[in-house]
Amino acid sequence: MIRGLARRPCGGIVRVEDLPPECRVSSHKVLTTIEALERDAILRGLMDRKSNVQRTAQDLGTSLT
């Protein structure tokens with residue numbers, strides 16, 4: 001992943017959007033493997049759906065509550 005970012009032609013600037021979901025979230029809590037997978041699925045869903053929380057929840061088969 002880092003090598004791919006280093007080869008980008010955009011002047012060496014790495015934006016938050018260029019990073020995978022697991023690099024965008026900061027937390028002091030150590031997640032279990034399943035928690036990390038769930039977080040990544042939610043973040044990818046939000047990115048794919050332009051931050052549409054309701055659609056992401058629906059597509060993941062979960063509710064907002």
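Let me begin by describing the structure that accompanies this report. (Residues numbered from 1 in each chain as written. Predicted model: local features only at pLDDT ≥ 70, side-chain atom pairs only at ≥ 80, totals over all residues. Heavy atoms only, no water.)

1. Looking at helix α2 (residues 33–48)
Step number 1: With 16 residues, α2 should cover 22 Å at 1.5 Å per step; its first-to-last C-alpha distance of 22 Å lies within 8% of that length.
Step number 2: Residues Ala36, Asp40 and Gly45 constitute the buried set of α2. In a view along the axis of α2, the buried residues occupy a sector of 165 degrees, so they form one face of it.
Step number 3: Residues of α2 that are buried make contact with α3 (53–60).
Step number 4: A positive backbone phi angle near 55 degrees is found at Lys50, which sits one or two residues after α2. (Helix = DSSP H or I, 4+ residues; strand = E, 2+ residues; numbered from the N terminus. Expected span 1.5 Å × (residues − 1). Buried < 20%, exposed > 50% of the residue type's maximum accessible area, 1.4 Å probe, protein only. Arc of directions from axis to C-beta. Contact = heavy atoms within 4.5 Å.)

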